[in-house]
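Observations on chain architecture
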Number of protein chains: 2
Amino acid sequence: MILNHPGCPIGNTVSKLTRSEAKRQAIVDAARDIFIEKGYGESSMDDIANRANVSKRTVYNHFPGKDALFGSIIEGECDKAMESVAKRMAYCEEDIEGTLREFAARFLDIIYSPDGVKLFRTIVAEADRFPELGTVFFQAGVCPAQFHAQEYIAKMMDQGRLRKDDPEKAATLLFCLIKGDMHYKLLLCFQEEASPEELTALIDDALEMWMRAYAPAS
Amino acid sequence: MILNHPGCPIGNTVSKLTRSEAKRQAIVDAARDIFIEKGYGESSMDDIANRANVSKRTVYNHFPGKDALFGSIIEGECDKAMESVAKRMAYCEEDIEGTLREFAARFLDIIYSPDGVKLFRTIVAEADRFPELGTVFFQAGVCPAQFHAQEYIAKMMDQGRLRKDDPEKAATLLFCLIKGDMHYKLLLCFQEEASPEELTALIDDALEMWMRAYAPAS
DNA sequence: CAAAGTAAACTGCACCGTGTAGTTTACTTC
DNA sequence: GAAGTAAACTACACGGTGCAGTTTACTTTG
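Looking at an unreviewed UniProt entry, one finds chain A named TetR family transcriptional regulator and attributed to Aestuariispira insulae.

This is the structure we're talking about:
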């Protein structure tokens, strides 16, 4: 399976699409919506073509097949959703809890968003058929975000402002806590969505406990 | 969708199946294997009939359709996998950490088992089409297991042997920790399986931190 | 500058082969 | 007689392909 850039070629500005580029973008947009909404198996190329207002023939002119289109789309979505997470996790040396709260909030913005939940569910659903997408998901976002936090935690530990421990372990446990129990519930449609208040409470509880456990030893 | 008991009618012993009951059980066994292995969409009734060594006509004699068969199977699997978790979580008043470790191990036995991961992935994948299965999963196992731990934690808090807090919150956070980060990795095929050593380490880390955070206030 | 030409992309259609859930039918087995 | 069998059937749906004709955006020519 070849993973190509799904949308417009690099270097083009939005305002100057050739006909071909515009069509390709329409296909990508339609495919993204339909794949995320219905998953791989229940999405049809006819539906995608119709929603993109192109002929199916044209879809095949741009993409060699359904597999390639799906892989391309999902990879693009992973990159898009997660690439900004680590970049938006701002440091503040003064306020450890505030910083970690910021990390948590940025991370949950993505994984608890309706689109994020659907993307995750889609990747899980197709994990057997497209196992590399799980890797993409982790390497695009989760690993960098967690590593970012780990580096920060290591620095705070070095300064004696957090209890000394393996920073990787501490970051892992922190992320377990901030993921919370609601994410599984959303995945399984046991709960419809998480309100901002619920997410704030989740972060509060997780952070309070984590800070308690990692307070500098007395 | 009618959720019926998929296997033999209640009251029968294994050694005395009628022909019809034996056939039904064969269908259930085959369907379970195939649905868990391939998910709903990629499983065919022809395959199920072949694997059960029955005619497809017979499958339809026992189950009204593919939907009903799937729902029935998955519900049965949830009950079977999870019903024993809470029951096998043994109490020990003397040793809090040992008790919680036992709870954790019993819980992880199920959700980290290859079959457990596959079951979970299947339910996630079909969450849109069969949203009630997520509810079954949570109500059959996760909620009782967590509630069991919560009751124990409440008792220990009352005795002043754990730091006073909302027992439900404490149990929730504990379960977030013991679920660990590996479960998502298994779901996404980012990791193939979790070794017993990895699970032990996971429990150790989680418990150590949780106990630290919930040590009685000095 | 307008007309003619060109190449690329697109369209719509028909088609192919395959797979599927569900149904029917005539027969066999217990 | 109830349950099961095997085979065939039905009615779709789907991914993918080839092709003639059309459209579009650009270039060339007079």
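Comments concerning the packing of aromatic side chains
One pass over the full model with this rule turns up 25 aromatic pairs over all chains. Where F138(A) meets F190(B), the ring centres are 4.5 Å apart and the plane angle is 10°; that geometry is what we call stacked. Residue F138(A) is found in helix α7 (residues 131-158), and its partner F190(B) is found in the loop between α9 (182-187) and α10 (196-213); the two belong to separate chains. The buried category is assigned to F138(A), whose relative accessible area is 4%. Taking relative accessible area as the criterion, F190(B) reaches 26% and is therefore assigned partly exposed.

Points about the nonpolar core
Grouped together as the largest cluster of nonpolar side chains are 152 residues, with contacts concentrated most on W210(A) and W210(B). Residue contacts for W210(B): discarding those within four places in its chain leaves M209(A), L100(B), I153(B), L162(B), A170(B), L173(B), L174(B) and L177(B).

Digging into the protein's contact with DNA strand C
The environment of DNA strand C is made up of 18 residues, and the closest members are S55(A), T58(A), R57(B), Y60(B) and K66(B). Put simply, 62% of the atoms of DNA strand C that lie within 4 Å of the protein are in sugar or phosphate. Within the backbone of M45(B), one N or O atom sits 2.9 Å away from a phosphate oxygen of DNA strand C. The set of elements that each furnish at least two residues to the surface near DNA strand C consists of α1 (19-38) and α3 (56-62) of chain A together with α3 (56-62) of chain B. In terms of residue class, the surface near DNA strand C is built from three nonpolar, eight polar and seven charged.

Quick look at the relation of the copies chain A and chain B
Once turned by 180° and shifted 0.0 Å along the axis, chain A lies on chain B with an RMSD of 0.1 Å. Look at the turn and shift together and you get a two-fold axis relating the two.

Regarding the interface of chain A and chain B
Each partner contributes to the interface: chain A provides 43 residues, whereas chain B provides 41 residues. Interface area lost by chain A to chain B is led by Y184(A), L188(A) and R212(A), which between them contribute 20%. Where chain A packs against chain B, one counts six salt bridges. In this structure, the connection of chain A to chain B is made through four residue pairs in polar contact (both at pLDDT 80 or more). Take the side of chain A that touches chain B: its biggest share by element is eight residues, from α7(A). Residues belonging to the side of chain A that touches chain B are distributed by class as follows: 22 nonpolar, seven polar and 14 charged.

Let's talk about the protein's contact with DNA strand D
Close to DNA strand D lie 18 residues, the nearest being R57(A), Y60(A), K66(A), K23(B) and T58(B). The contact atoms of DNA strand D, taken as those within 4 Å of the protein, divide so that sugar and phosphate hold 57%. R19(A) places a polar side-chain atom, nitrogen or oxygen, 3.4 Å from a sugar or linking oxygen of DNA strand D. Separating a phosphate oxygen of DNA strand D from a backbone N or O atom of M45(A) is a distance of 3.0 Å. Only α3 of chain A together with α1 (19-38) and α3 of chain B provide two or more residues apiece to the surface near DNA strand D. Grouping the amino acids of the surface near DNA strand D by side-chain chemistry returns three nonpolar, eight polar and seven charged.

Here we look at helix α2 (residues 45-52) of chain B
All names here are of chain B. Among all positions of α2, only M45, I48, A49 and A52 are buried. Down the axis of α2, the sector holding all buried residues measures 95°, keeping them to one side. Looking one or two residues beyond α2, the residue adopting positive phi is N53, at roughly 60°.

Remarks on the domain arrangement of chain A
Residue and element names in this part refer to chain A. By the assigned domains, chain A splits into domain 1 (18-63) and domain 2 (78-213). A C-alpha centroid distance of 32 Å is found between domain 1 and domain 2. On the side of domain 2, seven residues touch domain 1, which itself brings five residues to the contact. Between domain 1 and domain 2, roughly 490 Å² of surface is buried when both sides are summed, and carbon and sulfur atoms account for 66% of that area. For domain 1, the biggest contributors to the area lost against domain 2 are R32, I36 and Y40; these three give 82% of the whole. Counting the contacts that link domain 1 with domain 2 gives zero salt bridges. Applying the counting rule to domain 1 against domain 2 returns one residue pair in polar contact (both at pLDDT 80 or more). Grouping the amino acids of the side of domain 1 that touches domain 2 by side-chain chemistry returns three nonpolar, one polar and one charged.

Parameters and conventions
Residues numbered from 1 in each chain as written. Chains lettered and ligands numbered in written order. Predicted model: local features only at pLDDT ≥ 70, side-chain atom pairs only at ≥ 80, totals over all residues. Heavy atoms only, no water. Phe/Tyr/Trp six-rings, centres within 6.5 Å; stacked < 30°, edge-to-face > 60°. Helix = DSSP H or I, 4+ residues; strand = E, 2+ residues; numbered from the N terminus. Buried < 20%, exposed > 50% of the residue type's maximum accessible area, 1.4 Å probe, protein only. Core = buried A, V, L, I, M, F, W, Y, C linked by side-chain atoms within 4.5 Å. Contact = heavy atoms within 4.5 Å. Near = heavy atom within 4 Å. Polar contact = N/O pair within 3.5 Å; in protein donor to acceptor, adjacent residues only side chain to side chain. Nonpolar A, V, L, I, M, F, W, Y, C, P; charged D, E, K, R; others polar. Least-squares fit on C-alpha atoms with pLDDT ≥ 70 in both. Buried area = accessible area lost by both parts, 1.4 Å probe. Salt bridge = Lys/Arg side-chain N within 4 Å of Asp/Glu carboxyl O. Arc of directions from axis to C-beta. Domains from an automatic or database assignment.

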